[in-house]
Amino acid sequence: MTEFFSSIAERFSFLGEYFPLYISGTLTTVIISLFTVLFGTVIGIIFALMKLSKLKIVKAIASTYIEIVRGTPVIVQVFIWYYGLDSIIDIPDYYIGNSDSLNIAQLIPGALALALNSAAYVAEIIRAGILAVDKGQAEAAQSLGMKSPMIMRYIIMPQAIKNILPAIGNEFVVLIKESSILYVIGIQELMAKTSTIQSSTFLTIPPLVVTSIIYFILTFSLSRLIGGFERRLNKNDRN
């Protein structure tokens, strides 16, 4: 048994030297995830409202966008935005930290691609939540003289958000994991740092095990946070 634990400790001895790389990669992953969640949610709400619009052209635009994004691989979208945006505008290289840190020229197209991809799924989640709210409440609000924007803001959306919170939380968890795909365009997030550690140590599995643990901590913490927020909303409703 002692030999077993000694062997495990030896395999993970690289952590002493390379742990700062994990920290750097994790911070980059968190930054990308926050950016993606923020803009993905805002854009998703817009497309959800567009798809619920009575104007056929507006509804058609939203439906077409959602179907195209959901029907193509996210890695293809990342490459399209990375090379496409670079051909349209010249984004200067600007590193947050040293040259091995986050590069703005890579962050903008990469995070934008993930945000727009997430927006398509968020839009469908929000649309389903809005449709789940009893129409009688909107009709009652209209009879009291409330305008449509006010009804949506104060009556429909609060109830819809409560209904879709578990699904939105799951989408946020997926985003954290999907951010790992951005290493293909050179962003030094957690998976890119893991690849660097593998190349330097000639180890394959141990660096991946550590990376898996970090991803689990991030996603589990987010799940618990959203779960607590959901329980708080339910408690407020009971009160």
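For the structure, see preceding data.
Starting from 1, residues in each chain are numbered consecutively following that chain's sequence as written. Owing to the predicted nature of the model, reporting of local features is limited to residues with pLDDT of at least 70; listing and counting of side-chain atom pairs is limited to 80 or more, with chain, interface and lining totals taken over all residues. Water and hydrogen atoms play no part in the side-chain values, which are based on all heavy atoms of the structure.

What about the overall build of the protein?
The cut-off we apply is this: Labels follow the DSSP assignment, with helices taken as runs of H or I lasting at least four residues and strands as runs of E lasting at least two, numbered in each case from the N terminus. Between buried and exposed lies partly exposed: a residue is buried under 20% and exposed over 50% of the maximum accessible area for its type, with that area taken using a 1.4 Å probe on protein chains only. Residue contacts are counted whenever heavy atoms from the two residues lie within 4.5 Å of one another. With residues, only the protein chains shown are counted as cover, and all accessible areas are computed by Shrake-Rupley using a 1.4 Å probe. When charges are tallied, Lys and Arg are placed among the positive residues and Asp and Glu among the negative ones, while His and the ends of the chain are skipped. All charge positions are set by atom: Lys at NZ, Arg at CZ, Asp at CG, Glu at CD.
Broken down by element type, the protein carries 9 helices and 2 strands. For the protein, the α and β elements follow one another from N to C terminus as α-α-α-α-β-β-α-α-α-α-α. Judged by the C-alpha coordinates and their principal axes, the protein covers about 75 × 50 × 30 Å. When the 239 residues of the protein are sorted by exposure, 37% land in the buried category. Look at the contacts in the protein between residues 6 or more apart in sequence, and 75% of them connect residues 24 or more apart. Accessible area for the protein stands at about 14100 Å²; split by element, carbon and sulfur atoms hold 65% of it. Seen as two clouds, the 18 positive and the 16 negative side-chain charges of the protein have centres 16 Å apart.

A word on unusual backbone geometry
One non-glycine residue, F202, adopts positive backbone phi at about 60°. Note that F202 resides in the loop between helix 8 (190-201) and helix 9 (205-238).

Observations concerning helix 6 (residues 135-143)
Here is the rule: Any N or O atom pair separated by 3.5 Å or less is treated as a polar contact, with the protein-specific requirement of one donor-capable and one acceptor-capable atom, and with residues adjacent in sequence counted only for side-chain atom pairs.
One side-chain oxygen of the residue at the start of helix 6 lies 3.1 Å from the amide nitrogen of G136, identifying that residue as D134. Immediately beyond the C-terminal end of helix 6, within one or two residues, lies G145, with a positive phi of roughly 95°.

A closer look at the pattern of salt bridges
The test is simple: The salt bridge criterion pairs a side-chain nitrogen of Lys or Arg with a carboxyl oxygen of Asp or Glu, the two atoms within 4 Å.
What the rule picks out here adds up to 3 salt bridges. We note a salt bridge from K51 to E124, for which the minimum N-O separation is 3.1 Å. Remark: E124 occurs in helix 5 (residues 104-132) and K51 occurs in helix 2 (residues 15-51); sequence separation between them is 73 residues. Accessibility assignment for this pair places K51 and E124 in one class, buried. Here E124 and R127 are joined by a salt bridge, their closest N and O atoms 3.2 Å apart. Note that E124 and R127 are positioned in helix 5 at a spacing of 3 residues, about one turn of the helix. Residue class for E124 comes out buried when judged on its relative accessible area of 16%. In this structure, a network of salt bridges that share partners links the residues K51, R70, E124 and R127.

Details of the side chain of E189
Here E189 lies in the loop between helix 7 (148-178) and helix 8. It is K193 that comes nearest to the buried, bridge-free E189 among opposite-charge side chains, at 9.3 Å. Those residues in contact with E189 that lie beyond four places of it in its chain are G25, T28, T29, I32, S179, S180, Y183 and Y215.

Description of the packing of aromatic side chains
For clarity, the threshold we go by: Side-chain rings of Phe, Tyr and Trp, where Trp is taken by its six-membered ring, are said to pair if the distance between their centres is within 6.5 Å; with planes under 30 degrees apart they count as stacked, over 60 as edge-to-face, and otherwise as tilted.
The tally for this structure, following the rule as stated, stands at 6 aromatic pairs. Pairing F35 with F39 gives two aromatic rings, centres 4.5 Å apart and planes at 35°, and the pair type is tilted. Of this pair, F35 and F39 are both found in helix 2, 4 residues apart, which corresponds to roughly one turn of the helix. Ring centres of F79 and Y83 lie 6.0 Å apart, and the angle between their planes is 15°; on these two criteria the pair is classed as stacked. Note that F79 and Y83 are positioned in helix 4 (residues 74-88) at a spacing of 4 residues, about one turn of the helix. Three or more aromatic residues joined by ring pairs make a cluster, and in this case those are F79, Y82 and Y83.

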